[in-house]
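What follows is the residue order along each chain.
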Amino acid sequence: MEYISAREAAAQWSVHIRVVQSLCRDGRVPGARKYGNVWMLPAGAQKPPDPRRARRFRPWGRPEYDGCGLLSMAAVPLPKSAPASLDRLGEERHRRQLAAEFAFLRGNLSAGLHMFHDTGRADAMSLCAATLSMAAASRTDDWTTFCETEAFLQELRRAGTEREQRLAELALATASLSLFAADLAPQWILDGELSHAPEDARVLSVYLYAKALQGQRRSDELLAVCKTALAFWARDDSFTLLDVYLWLLSAAACRATGDGRGCLDALEKAAALALPYGFIMPLAEFRYTLESEMEDVLLRRWPPYFDAVCSMSEEIWRSWNVFHTRFARSHLASLLTTQEYRAAYLIAKGASNRDTGRELGLSPQELKKLMAGVYEKLFISDRDALARYIL
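Heads up: these notes are all about the structure in this document. (Residues numbered from 1 in each chain as written. Predicted model: local features only at pLDDT ≥ 70, side-chain atom pairs only at ≥ 80, totals over all residues. Heavy atoms only, no water.)

## Overview of the packing of helix α19 (residues 364–378) against helix α20 (residues 383–390)
And step 1. α20 packs onto α19 with a crossing angle of 70 degrees between their chain directions and a minimal axis gap of 11 Å. Classed by the angle they form, the pair α19 and α20 counts as roughly perpendicular. Handedness of the crossing formed by α19 with α20: left-handed. Contacts between α19 and α20 involve Met371, Val374, Tyr375 and Leu378 from the first element and Arg383, Leu386 and Tyr389 from the second.
And step 2. Residues of the contact of α19 with α20, tallied by class, amount to 6 nonpolar, no polar and 1 charged. (Axes fitted to C-alpha atoms, helices over the stretch in contact; angles between N-to-C directions. Helix = DSSP H or I, 4+ residues; strand = E, 2+ residues; numbered from the N terminus. Parallel < 35°, antiparallel > 145°, perpendicular 65-115°, else oblique. Left-handed = near helix turned anticlockwise from the far one by under 90°. Contact = heavy atoms within 4.5 Å. Nonpolar A, V, L, I, M, F, W, Y, C, P; charged D, E, K, R; others polar.)

## Focus on helix α8 (residues 162–178)
And step 1. Taking 1.5 Å per residue, 17 residues should reach 24 Å; α8 reaches 25 Å between its end C-alpha atoms and fits that length.
And step 2. By the burial criterion, the buried members of α8 are Glu164, Leu167, Ala168, Glu169, Leu170, Ala171, Leu172, Ala173, Ala175, Ser176 and Leu177. (Expected span 1.5 Å × (residues − 1). Buried < 20%, exposed > 50% of the residue type's maximum accessible area, 1.4 Å probe, protein only.)

## With respect to a nonpolar patch on the surface
And step 1. Together, Phe180, Tyr288, Trp317 and Phe379 make up a nonpolar patch on the protein surface, roughly 370 Å² of accessible area in all.
And step 2. The class for phenylalanine 379 is partly exposed, based on a relative accessible area of 35%. (Patch = residues over 30% accessible without salt bridge, like charges linked within 9 Å, V, L, I, M, F, W, Y side chains within 5 Å. Areas by Shrake-Rupley, 256 points an atom, 1.4 Å probe, with all protein chains shown as cover. Salt bridge = Lys/Arg side-chain N within 4 Å of Asp/Glu carboxyl O.)

## Here we look at the nonpolar core
When a protein is soluble and globular, its nonpolar side chains tend to lie buried together.
And step 1. Residues Val20, Leu41, Phe146, Leu170, Leu290, Leu378 and Leu386 are the most contacted members of the largest nonpolar core, which totals 132 residues.
And step 2. Sort the elements by how many residues they give to this core and helix α12 (residues 241–256) lands first, with 11 residues.
And step 3. Leave out the neighbours within four places in its chain, and valine 20 touches Ala6, Ala9, Ala10, Trp13, Val15 and Leu41. (Core = buried A, V, L, I, M, F, W, Y, C linked by side-chain atoms within 4.5 Å.)

## What about helix α17 (residues 338–348)?
And step 1. Those residues of α17 not exposed but buried are Glu340, Ala343, Ala344, Ile347 and Ala348. Seen from one end, α17 has its buried residues packed into an arc of 125 degrees, which puts them on one side.
And step 2. Packing partners of the buried residues in α17 comprise α16 (332–335), α18 (353–360), α19 and α20.
And step 3. Of the residues one or two after α17, glycine 350 is the one with positive phi, at around 110 degrees. (Arc of directions from axis to C-beta.)

## Description of the layout of surface pockets
And step 1. Looking at the second largest pocket, its volume works out to about 790 Å³.
And step 2. If you go around the second largest pocket, you meet 21 residues; those closest to its centre are Gln21, Lys34, Asn37, Arg329 and Ser330.
And step 3. Taken together, the elements giving at least two residues each to the lining of the second largest pocket come down to α2 (17–25), α15 (306–330), α16 and α20.
And step 4. Element by element, the count of residues in the lining of the second largest pocket is highest for α2, at 5 residues.
And step 5. Considering only residue class, the lining of the second largest pocket consists of 9 nonpolar, 5 polar and 7 charged. (1 Å grid on protein atoms, 1.4 Å probe; cavity = no way out; pocket = protein on both sides within 12 Å on 5 of 7 lines; lining within 4 Å. Points joined across faces, edges and corners; volume = space filled by probe spheres on them.)

## Considerations on the sheet that holds strand β3 (residues 38–42)
And step 1. A sheet is described by the order of its strands in space; here 3 strands give the open sequence β1-β3-β2, paired in antiparallel fashion. Bordering the open sheet on either side are β1 (3–5) and β2 (33–35), each of which pairs with just one other strand. Neighbour-to-neighbour, the strand axes of the sheet open up by a mean angle of 40 degrees, direction not taken into account.
And step 2. Docked against the sheet, helix α1 (residues 6–13) engages β1 and β3, running at close to 85 degrees with respect to β1. (Pairing = 2+ DSSP bridges.)

## Examining the packing of α2 against helix α7 (residues 143–159)
The packing of two helices is summarised by the inter-axis angle and the distance between the axes.
And step 1. Their axes nearest at 9 Å, the elements α2 and α7 cross at an angle of 160 degrees. Viewed along their axes, α2 and α7 adopt a mutual orientation that is roughly antiparallel. The handedness of the crossing between α2 and α7 comes out as left-handed. Residue-level contacts link Arg18, Val19, Ser22 and Arg25 of α2 to Trp143, Thr144, Cys147, Glu148 and Glu150 of α7.
And step 2. Its residues assigned to classes, the contact of α2 with α7 shows 3 nonpolar, 2 polar and 4 charged.

## Considerations on unusual backbone geometry
And step 1. Its identity as a non-glycine residue notwithstanding, aspartate 141 has a phi of 55 degrees, on the positive side.
And step 2. With respect to the secondary-structure elements, aspartate 141 resides in the loop between α6 (126–140) and α7.
And step 3. Located in the positive-phi region is glutamate 291, a residue other than glycine, with phi close to 45 degrees.
And step 4. With respect to the secondary-structure elements, glutamate 291 resides in helix α14 (residues 281–301).
And step 5. For glutamate 291, a relative accessible area of 42% translates into the label partly exposed.

## Examining the pattern of salt bridges
And step 1. Scanning all chains against the criterion turns up 18 salt bridges.
And step 2. For aspartate 243, the salt bridge goes to arginine 235, with nearest N and O atoms at 3.2 Å.
And step 3. On the basis of relative accessible area, aspartate 243 is assigned to the buried category, the value being 9%.
And step 4. Of the charged contacts, one joins glutamate 268 and arginine 300 as a salt bridge, the two residues approaching to 2.8 Å between their closest N and O atoms. You can see glutamate 268 sitting in helix α13 (residues 260–274) and its partner arginine 300 sitting in helix α14, a full 32 residues away along the chain.
And step 5. Salt bridges sharing common partners tie together Glu268, Asp296, Arg300 and Arg301.

## Quick look at the packing of aromatic side chains
And step 1. All told, the structure shown has 16 aromatic pairs when counted by the stated rule.
And step 2. Ring centres of tryptophan 143 and phenylalanine 146 lie 5.9 Å apart, and the angle between their planes is 10 degrees; this geometry places the pair in the stacked category. Taken as a pair, tryptophan 143 and phenylalanine 146 lie in helix α7 at a separation of 3 residues, close to a single helical turn.
And step 3. Assessed through its relative accessible area of 6%, tryptophan 143 is described here as buried.
And step 4. For phenylalanine 146, a relative accessible area of 1% puts it in the buried group.
And step 5. An angle of 55 degrees between the planes, with centres 5.8 Å apart, marks the rings of tyrosine 207 and tyrosine 245 as tilted. One end of the pair, tyrosine 207, is in helix α10 (residues 202–215); the other, tyrosine 245, is in helix α12, with 38 residues separating them in the sequence. Taken as a pair, tyrosine 207 and tyrosine 245 share a single burial class, namely buried.
And step 6. Each residue in the set Phe102, Phe239, Tyr277 and Phe279 is aromatic and connected to the rest through ring pairs, giving one cluster. (Phe/Tyr/Trp six-rings, centres within 6.5 Å; stacked < 30°, edge-to-face > 60°.)

Laid out in structure tokens, this is it:
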């Protein structure tokens, strides 16, 4: 029997190679075999059908993506006085998207997970849906859905119009920054050159720049960006989802700089916007960053939500941790520089710090700083974990 590689199968099926590898690993490709780290498939193997998409997924046309905030709610003003009814928020296609986002933010992860497949690639809202599905996939360790969605966005970034390419970059950056992989975000976001973003996505690009600053531990700059954005976009009677996240980022920046009162104030503002709508997800995502301050605010001001936020944070943290390991392994060549990888490989193989530094021409202090960056990027803390990534 003749065999082809996973890369060749990916080209034939028009999917990313990681989708093929995942399908083989799950036993969904008859006759597929693994030799070392390489999957080989029978030459005539067909891509397994996805039951979620069999009747809904339409061939991708060439739509222009019309002004989405990538999460629709990023740009939808919600009244502060009383939770809004979806019936009053735009057209039917927007209401479908918003309903899924509402459910996701209230802790229904499956509502976000399948949104990309349910929308269909010909729909103008598919970028919003893709962002939502990737967020849910990283919180439920659904690697196949993440890879399929990422492959769609990568193709759009490669072959779309200039506007589509920028929006796809923003969607991919949203995923990579939430996984603490700032090096995978476009340089123009990391540099704060936000004029590169489409005009109707500038608000989101500011948030992504703030997330990049958080990942780089530039807390003073992060706080300044959040304060400026919140003051510039302040509304008396409404808010957007990005307001919630900017207040949470402000709280994280205050905590990092030792401003405990500022941390509590910012966190209280975020909770006062999110929790009347039942949006526990943003607070659950920041629970381990804000720790005691989060518990203080919830127990003192919002006790009915304490258990829900805590249980949701534990659920998504367990899945996110496993997912991040998969993500980092698959993006290792992009996450680490050549020098970082060489050092990590030598240390994972058992070389001493002295021998590794001598091999790379680095002083002990330079090697220590280099490996601290490696451990931070991979979200690990010791040599044993490093070996599991590298070897």
